[in-house]
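Below, each chain spelled out in residue letters.
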Amino acid sequence: MSKTLFLGGLLLTGTLGMSSGAVAAENAAGVKEFMGKTVETAKQAQAAAAAGDKDGCLSAIKQTKQNYKEITGDAAGKPLQDAMKKVREAQGLCDAGKPAEAAPILGEATAAMEKVAAGIK
């Protein structure tokens, strides 16, 4: 019985997880939309970090990561993955109370994301 419930829960979780990304996965417009959201929230994180706002930085980074999860296909290639590594690095700095050090890293990540976004047709 418990194995059946466990497997049923996994199937339900997998189905719900797949349905949340359906907007981005179905068409290029969805990918472009979430890429724009990812860039915008990364800019918000950079602005918060530059202002010394640790909590604002962390909140915007969290939203950036959520938006990134919705991007599928070729747009989620190596350049975007590298940009997200920088976002995670900046998150560590903000979390450690060093938002001023995170701001330039977020600037690099945002510039890389904008370059990727410009290539999405």
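This text follows the structure it describes.
Residues numbered from 1 in each chain as written. Predicted model: local features only at pLDDT ≥ 70, side-chain atom pairs only at ≥ 80, totals over all residues. Heavy atoms only, no water.

Some words on helix H3 (residues 28-50)
With 23 residues, H3 should reach 33 Å at 1.5 Å per residue; the first-to-last C-alpha distance of 33 Å fits that figure. Among all positions of H3, only Gly 30, Val 31, Phe 34, Met 35, Thr 38, Val 39, Thr 41, Ala 42, Ala 45, Ala 48 and Ala 49 are buried. Directly beyond the C-terminal end of H3, a positive phi value near 80 degrees is found at Gly 52. (Helix = DSSP H or I, 4+ residues; strand = E, 2+ residues; numbered from the N terminus. Expected span 1.5 Å × (residues − 1). Buried < 20%, exposed > 50% of the residue type's maximum accessible area, 1.4 Å probe, protein only.)

Topic: the state of the cysteines
Applying the stated criterion across every chain yields a total of 1 disulfide. The disulfide that involves Cys 57 links it to Cys 94, with 2.2 Å between the sulfurs. Residues Cys 57 and Cys 94 share a disulfide whose torsion about the S-S bond is about 75 degrees; that sign makes it right-handed. You can see Cys 57 sitting in helix H4 (residues 54-69) and its partner Cys 94 sitting in helix H5 (residues 78-95), a full 37 residues away along the chain. For the pair shown, Cys 57 and Cys 94 are each scored as buried. (Disulfide = S-S within 2.5 Å.)

Examining helix H6 (residues 99-119)
Counted at 1.5 Å a residue, the expected span for H6 with its 21 residues is 30 Å, and the 30 Å between its end C-alpha atoms agrees. All of the buried residues in H6 are Pro 99, Ala 102, Ala 103, Ile 105, Leu 106, Ala 109, Thr 110, Met 113 and Val 116.

Here we look at the nonpolar core
Counting 29 residues, the largest nonpolar core has Met 35, Leu 106 and Met 113 as the members making the most contacts within it. Every element with two or more residues in this core is listed here: H3, H4, H5 and H6. It is H3 that contributes the most residues to this core, 8 residues altogether. Beyond its immediate stretch of four places on either side in the chain, Leu 106 contacts Ala 45, Gln 46, Ala 49, Cys 57, Ile 61, Val 87 and Ala 90. (Core = buried A, V, L, I, M, F, W, Y, C linked by side-chain atoms within 4.5 Å. Contact = heavy atoms within 4.5 Å.)

What to know about the pattern of salt bridges
This model, assessed by the stated rule, comprises 5 salt bridges. Among the salt bridges present, the one from Lys 78 reaches Asp 82, with a minimum N-O distance of 2.8 Å. Placement of the pair is Lys 78 and Asp 82 together in helix H5, with a separation of 4 residues, close to one helical turn. Between Asp 82 and Lys 85 there is a salt bridge, with the nearest N and O atoms lying 4.0 Å from each other. Within this pair, Asp 82 and its partner Lys 85 are both found in helix H5, separated by 3 residues, close to a single helical turn. Through salt bridges that share partners, Lys 78, Asp 82 and Lys 85 make up one connected network. (Salt bridge = Lys/Arg side-chain N within 4 Å of Asp/Glu carboxyl O.)

A closer look at the packing of H4 against H5
For the pair H4 and H5, interaxial distance at closest approach is 10 Å and the crossing angle is 155 degrees. In terms of axis orientation, H4 runs roughly antiparallel to H5. As for the relative orientation of H4 and H5, their crossing is left-handed in sense. Counted together, Lys 54, Cys 57, Leu 58, Ile 61, Thr 64, Lys 65 and Tyr 68 of H4 and Leu 80, Gln 81, Met 84, Val 87, Arg 88, Ala 90, Gln 91, Cys 94 and Asp 95 of H5 form the full contact between these two elements. For the contact of H4 with H5, the residue count by class is 9 nonpolar, 3 polar and 4 charged. (Axes fitted to C-alpha atoms, helices over the stretch in contact; angles between N-to-C directions. Parallel < 35°, antiparallel > 145°, perpendicular 65-115°, else oblique. Left-handed = near helix turned anticlockwise from the far one by under 90°. Nonpolar A, V, L, I, M, F, W, Y, C, P; charged D, E, K, R; others polar.)

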